[in-house]
Amino acid sequence: MENIKSSPLGIPNSNSSKMASGSPNTMGQPMSSSYENRWLSTGEDTKKGSPLVSRRKSITPEENKPNNSKEANKGKKDTRPQNPNEPPKKAQKDMTKAERRAMQEKQRQEKQSRVAAGLPKGAKQAAELEVKKNPSPVSADTDDTKQKKKALSKNQQNQVPWLLHLDVPKTSDALTKDLHPAVLQLGLYFSEHKIVGSNARCVAMLEIFSKVISDHKPPSDATFSRHIQKHLDPHIAYLLSIRPMSLSMRECIRWLKKEMADIVEEDPPLSDDESRTRLIERIGHFIRERITMADQLIVQNGLQKIQDGDVILTYAKSSVVESLLLETKKKGIDFKVIVVDSRPLFEGKHLLRRLVAAGIDCSYHLLSSIYVALKSVTKVIMGAHALLNNGAVYSRIGSSMVAMAASDKQIPVMICCETYKFVNRTQVDSFVLNELGNPDDLVQTTTNTYDAKKSDTAVLANWRDQPDLRLLNILYDVTPSKYITLVVTEVGLIPCTSAPVVSYKFNCIIKTCIDFYFYFYYYLLYRFGVNTSNEEFGKRVA
Amino acid sequence: MANTSNQYDVVTAYQTSLNDSELSTPVAIFKALTDFVRHSTDIYAAPTMSEFMQTLEKAAQSIRQESQGTSKEKPKNQHKATIAILAGVDLFMRFVTRNSHDFSVKFTKLKKKKKKKLSEEAGSFEDFKENLLSRASLILEKASCAREKAAAIGAQFINDNAVVLVQGYSRVIMSVLYHAADIQHKRFKVYVTEGRPNSDGIQAVAALRKAGIPCRAVLDSAVGYIMDKVDMVFVGAEGVVENGGIVNKIGTFQISLVAKALGKPVYAVAESYKFVRVYPLNQYDIPSETPEIVTFTSRRRKSFSTIADAETVEDLALSNPSVDYTPPQYITLLLTDLGVLTPSGVSDELIKLYV
């Protein structure tokens with residue numbers, strides 16, 4: 001690393017080297033804002049494959065410490081970190097009167113220019129600010145800090161630079177020490193992709209939280225109701241750090257926090273056991289009503305739209321769509337299914353297996369042949385991970401392509417989505433918020449396990465060594481509302497632009513709805529003898 | 001026996017109300033069903049609420065089935081307005097269910113607090129019916145003046161010296177035009193499409209001439225030709241579906257397509273009781289009377305040998321659909337008695353009503 005680092009705009013960085021020289025240009029360079037530094041110097045740095053400013057902010061204290069200690073070791077009274085090239089400053093006693101006056105003049109000018117540039121008046125504070133914004137280059141003998149930086153950058157240096165905001169912060173071990181073992185196990189399942197699908201994950205998470213709540217014993221000085229939220233927070237943080245952008249999980253957690261807050265508000269205050277049982281009961285309600293029963297209602301509503309002779313296209317695997325197709329078969333409707341699938345997850349294969357086992361006439365395509373697949377299709381039915389406020393659908397990557405192709409051919413696109421997935425967020429593109437998967441999943445191009453031995457002959461096996469190559473494995477995308485014909489929810493068939501109204505309404509009058517749906521639920525149970533156990537969700541493994 | 005006589009009452013009552021040409025179908029249904037409720041109060045008191053709901057349900061079903069059954073005895077200008085029937089029946093049933101639900105909630109709350117006895121429950125059921133009747137008559141009142149309200153709102157959109165295109169004879173659109181001419185004193189001209197096969201456009205022209213509005217009849221096929229001379233298009237609606245599209249007389253979709261292609265606004269005027277919770281995916285998904293009406297049948301081959309039997313106009317009318325579906329992207333605005341709505345606003349209203 002050079003000693004003099006030029007700032008992003010090519011202006012020579014007169015950071016510390018010219019500080020004592022007294023030229024008016026010391027502080028004359030434009031004060032680079034943190035935004036410029038973050039994005040522009042980031043671009044410069046990744047070219048060299050070196051750590052980024054975002055990481056640097058946490059590193060600077062470490063960097064400065066060795067620097068400072070070195071200066072201190074040199075015996076200087078001045079605490080400002082300085083370039084070793086600088087000539088040692090004379091103590092004031094040694095200077096002549098003229099020299100002292102020159103120094104005063106120089107200091108006054110510096111102060112003026114500092115004030116003009118908007119920095120604090122004191123020299124020390126200004127210097128600290130300077131250091132924070134323009135961290136001084138590391139000198140050659142801080143090898144251990146360099147290695148530390150390299151270790152941190154091993155993953156980041158191969159990420160697509162403009163998608164770094166999606167990166168996952170790593171959890172330290174200290175965080176996982178006090179967690180309930182069930183939560184740790186769940187986190188492991190999530191990270192290994194053993195539990196996939198938004199419904200399955202939500203149900204698993206809520207059930208585990210139920211267990212955590214039932215096992216929790218508050219410390220003697222706090223009541224259960226007040227302490228439970230604090231107790232659950234680290235668990236929630238841990239789970240969110242494993243799979244960061246699960247929007248439906250966030251909604252569930254938001255609901256759970258509201259419930260916990262409600263319990264605290266309860267007057268007269270509930271006893272520990274009462275609040276515990278109530279919370280567990282409410283979680284059970286939520287799972288039953290807004291997930292299990294909602295799915296059944298969605299199936300009933302969706303059945304209205306499927307007739308004899310339909311050719312239905314579906315993408316990847318959605319638990320609701322699967323239930324809908326199986327129920328359609330049970331009703332004896334004559335229809336065909338085309339399953340479209342994509343790398344690297346190949347979720348469609350699992351759906352295909354189940355549909356074929358049920359005796360449905362199926363065919364299988366990859367996403368690249370979507371237009372060929374759409375030739376004879378009458379309807380497209382897909383699931384969703386979340387429904388955004390502007391009516392856009394946040395779903396598995398590739399679904400927007402399917403929707404666009406279908407709407408191009410005037411084929412109606414139906415999305416099946418429960419109302420608990422309606423998120424109070426607006427997104428117009430797929431990059432602002434998304435989830436990055438593991439880029440190494442893309443390397444393996446053969447799926448045959450026999451050929452797995454030859455995996456090191458995969459073309460991209462050494463992609464990390466290529467300085468200009470980045471692999472991007474992104475998991476979700478956003479489909480604009482104009483490509484969606486309708487959304488099937490448990491409250492009926494709605495246009496996707498009505499999503500915010502439904503979620504607002506639902507939250508307002510949720511109590512009366514619950515009564516109504518309870519009767520409907522038991523009616524359904526009676527009529528169809530549906531299996532309501534939640535183990536089903538746990539079994540939906542890869 | 002009382003059951004069947006009551007049922008019969010509903011159907012005939014409905015049909016007689018239909019004959020009053022000024023009443024639209026959903027309002028006629030409201031009337032018939034309200035009368036039914038009133039009669040059931042007098043003739044035989046259904047002892048429990050659930051039985052009452054069942055009989056009401058049966059009556060509603062009978063109206064729906066009756067309209068699907070008879071096809072020959074209908075007068076010429078009254079085609080089976082299936083979707084309007086759906087709208088009316090659904091709305092009435094929903095209104096009653098809501099009422100009963102509110103009532104039962106209120107009642108169970110009362111019961112918890114005061115522990116009423118069973119005999120009192122029967123008494124309160126009478127109260128429920130009274131309540132229902134008074135609210136039903138309120139709805140009827142609202143429904144009758146809904147058309148005027150929608151007309152007032154619709155007339156705002158007609159400017160002076162505007163040239164308006166309307167399709168056939170629609171009662172709502174007529175009231176819009178009268179309102180604009182008589183009450184708002186605007187000067188405008190109207191093109192009226194003939195509206196085959198029942199050619200009710202001619203009647204519309206006669207009525208407009210009587211009201212002193214300059215108008216002209218044009219062929220249905222000439223819509224593309226005159227669209228450039230037109231400033232705006234007004235269409236009525238038999239039903240407004242959930243995504244904001246409308247179901248209206250056959251030919252509406254064509255007019256809207258041409259208007260959209262030439263950049264002319266299409267305003268659909270409808271009263272709010274025509275909103276229905278149907279969501280068609282395409283033209284063939286609407287609950288019209290004969291979904292297979294436009295398939296190729298083998299009937300032709302049999303009559304091949306006979307004289308080149310050109311289909312008469314009546315045959316053509318019967319063997320072709322009478323309504324079509326206009327998707328929401330071709331409709332600029334919906335002018336209703338609730339106000340001016342965009343097509344996506346319809347779902348919001350429906351959700352408020354039904355959820």
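Residues numbered from 1 in each chain as written. Chains lettered and ligands numbered in written order. Predicted model: local features only at pLDDT ≥ 70, side-chain atom pairs only at ≥ 80, totals over all residues. Heavy atoms only, no water.

Novice: Could you clarify how one ought to interpret the overall build of chain B in this entry?
Specialist: What chain B contains, in helices and strands, is twelve helices and ten strands. Evaluated residue by residue, chain B yields a buried proportion of 48% over its 355 residues. For chain B, contacts bridging at least 24 residues in sequence account for 80% of all contacts bridging at least 6. Roughly 18,000 Å² of accessible area belongs to chain B as shown, and the carbon and sulfur atoms make up 55% of that amount. (Helix = DSSP H or I, 4+ residues; strand = E, 2+ residues; numbered from the N terminus. Buried < 20%, exposed > 50% of the residue type's maximum accessible area, 1.4 Å probe, protein only. Contact = heavy atoms within 4.5 Å. Areas by Shrake-Rupley, 256 points an atom, 1.4 Å probe, with all protein chains shown as cover.)

Novice: Looking at this model, I keep getting lost on the sheet that holds strand S3 (residues 215-218) of chain B. Mind explaining?
Specialist: For sheets, the rule is that strands pair by backbone hydrogen bonds, running either parallel or antiparallel. All names here are of chain B. If you trace the seven strands from one edge of the open sheet to the other, you get S3-S2-S1-S4-S7-S9-S10, paired in mixed fashion. Only two strands of the sheet have a single neighbouring strand rather than two, namely S3 and strand S10 (339-341). Going across the sheet, the axis of each strand differs from the next one's by a mean of 25°, ignoring polarity. As paired elements, strand S9 (residues 333-336) and S10 share three bridges and run antiparallel to each other. Residue Thr-336 lies in a different strand from S10, and its bridge partner there is Gly-339. Packed on one face of the sheet, helix H6 (residues 171-183) meets strand S1 (162-167), strand S2 (188-193), strand S4 (232-235) and strand S7 (266-269) and runs near 165° to S2. (Pairing = 2+ DSSP bridges. Axes fitted to C-alpha atoms, helices over the stretch in contact; angles between N-to-C directions.)

Novice: Any chance you could explain the packing of helix H10 (residues 247-265) of chain A against helix H11 (residues 272-303) of chain A here in plain terms?
Specialist: Packed helices, taken two at a time, are described by the angle their axes make and the gap between the axes. Residues and elements named next belong to chain A. Close contact between H10 and H11 brings their axes to 11 Å; oriented N to C, the two are set at 150°. Classed by the angle they form, the pair H10 and H11 counts as roughly antiparallel. Considering the relative orientation of H10 and H11, their crossing is right-handed. On H11, the residues touching Cys-252, Trp-255, Leu-256, Glu-259, Met-260, Asp-262 and Ile-263 of H10 are Ser-275, Arg-278, Leu-279, Arg-282, Ile-283 and Phe-286. In terms of residue class, the contact of H10 with H11 is built from eight nonpolar, one polar and four charged. (Parallel < 35°, antiparallel > 145°, perpendicular 65-115°, else oblique. Left-handed = near helix turned anticlockwise from the far one by under 90°. Nonpolar A, V, L, I, M, F, W, Y, C, P; charged D, E, K, R; others polar.)

Novice: Teacher, can you tell me more about the interface of chain A and chain B here?
Specialist: Each partner contributes to the interface: chain A provides 20 residues, whereas chain B provides 14 residues. Approximately 1,500 Å² of surface area, both sides summed, lies buried where chain A meets chain B, with 66% of it carried by carbon and sulfur atoms. With its nearest N and O atoms 3.1 Å apart, the salt bridge here joins Asp-285 of chain B to Lys-305 of chain A. Across the contact surface, chain A and chain B share six residue pairs in polar contact (both at pLDDT 80 or more). Among the secondary structure elements, those contributing two or more residues to the side of chain A that touches chain B are strand S10 (492-494), helix H16 (499-508) and helix H17 (510-528) of chain A. A breakdown of the residues in the side of chain A that touches chain B according to their chemical character gives eleven nonpolar, six polar and three charged. (Buried area = accessible area lost by both parts, 1.4 Å probe. Salt bridge = Lys/Arg side-chain N within 4 Å of Asp/Glu carboxyl O. Polar contact = N/O pair within 3.5 Å; in protein donor to acceptor, adjacent residues only side chain to side chain.)

Novice: Explain the pattern of salt bridges to me, please; I cannot follow it from the model alone.
Specialist: When the charged atoms of two side chains with opposite charge come close together, those side chains can pair. Residue and element names in this part refer to chain A. Taken as a whole and judged by the stated rule, the model has 20 salt bridges over all chains. With a closest N to O distance of 2.8 Å, Asp-310 and Lys-379 form a salt bridge. Within this pair, whereas Asp-310 is found in strand S1 (residues 310-315), its partner Lys-379 is found in strand S4 (residues 379-383), the two being separated by 69 residues in sequence. Accessibility expressed as a relative area gives 5% for Lys-379, which makes it buried.

Novice: I tried to follow helix H9 (residues 252-261) of chain B on my own but got confused; where do I start?
Specialist: A turn of α-helix holds 3.6 residues, and therefore any two residues three or four places apart point the same way. All names here are of chain B. Where H9 is concerned, the buried positions are Thr-252, Ile-255, Ser-256 and Ala-259. Down the axis, H9 shows its buried residues gathered within 95° of arc, on one side only. H9 presents Gln-254 and Ala-261 as exposed residues on the side facing more than 90 degrees away from its buried surface. Two residues or fewer past H9, Gly-263 is found with a positive phi of approximately 75°. (Arc of directions from axis to C-beta.)

Novice: Mind showing me how you'd approach the domain arrangement of chain A here?
Specialist: Many analyses report the size of an interface as the accessible area lost when the parts associate. Residues and elements named next belong to chain A. Each assigned domain of chain A is listed with its residue range as follows: domain 1 (1-55), domain 2 (181-294), domain 3 (310-440 + 471-506) and domain 4 (516-541). When each unit is reduced to the centre of its C-alpha atoms, the spacing between domain 2 and domain 3 is 28 Å. Residue-level contacts link 16 residues of domain 2 with 22 residues of domain 3. Between domain 2 and domain 3, the buried area comes to about 1,700 Å², and carbon and sulfur atoms account for 54% of it. If you look at where domain 2 meets domain 3, you find zero salt bridges. (Domains from an automatic or database assignment.)

Novice: I tried to follow the side chain of Glu-347 of chain A on my own but got confused; where do I start?
Specialist: With respect to the secondary-structure elements, Glu-347 of chain A resides in the loop between strand S2 (335-341) and helix H13 (348-357). Classification of Glu-347 of chain A by relative accessible area gives buried; the value is 10%.

Novice: Could you clarify how one ought to interpret the pairing of S7 of chain B in this entry?
Specialist: As a general feature of sheets, a regular strand has side chains that alternate between the two faces. Residue and element names in this part refer to chain B. Because side chains alternate across S7, one face comprises the buried residues Val-266 and Ala-268, and the other comprises Tyr-267 and Val-269, equally buried. Summarising the sheet, S4 and S7 pair through three bridges and their orientation is parallel. Bridge pairing in S7 links Phe-234 to Tyr-267. Both S7 and S9 contribute to a ladder of three bridges, which runs parallel. Directly across from Ala-268, in S9, lies its bridge partner Leu-334.

Novice: Can you help me understand the environment of Tyr-189 of chain A in this one?
Specialist: Residues and elements named next belong to chain A. On the secondary structure map, Tyr-189 appears in helix H7 (residues 181-191). Residue classification places Tyr-189 among the partly exposed residues on the basis of a relative accessible area of 36%. C-alpha of Tyr-189 to C-alpha of Arg-201: the two residues are twelve residues apart in sequence and 9.7 Å apart in space. When sequence neighbours within four positions are dropped, the list of residues in contact with Tyr-189 reads Lys-194 and Ile-195.

Novice: Help me understand the sheet that holds strand S5 (residues 239-240) of chain B in this model?
Specialist: Residues and elements named next belong to chain B. Ordered in space as S5-S6-S8, the three strands form an open sheet in which the pairing is antiparallel. Across the chains shown, the open sheet's two edge strands, defined by having one partner strand only, are S5 and strand S8 (323-326). For S5 and strand S6 (residues 246-249), the ladder comprises two bridges, and the chain directions are antiparallel. If you follow Gly-239 over to S6, its bridge partner there is Val-247. Packing against the sheet, H9 makes contact with S6 and S8, and its axis sits at approximately 30° to S8.

Novice: Even after reading the chapter, I still don't get helix H3 (residues 97-117) of chain A, so can you show me in this structure?
Specialist: Residue and element names in this part refer to chain A. End to end, H3 covers 30 Å across 21 residues, agreeing with the expected 30 Å (1.5 Å per residue, within 8%). For H3, the full list of buried residues reads Met-103, Lys-106, Glu-110 and Arg-114. Buried residues along H3 cover an arc of 75° about the axis, so they all sit on one side. Within H3, the exposed residues directed more than 90 degrees away from the buried face are Lys-97, Ala-98, Arg-101, Gln-112 and Ala-116. (Expected span 1.5 Å × (residues − 1).)

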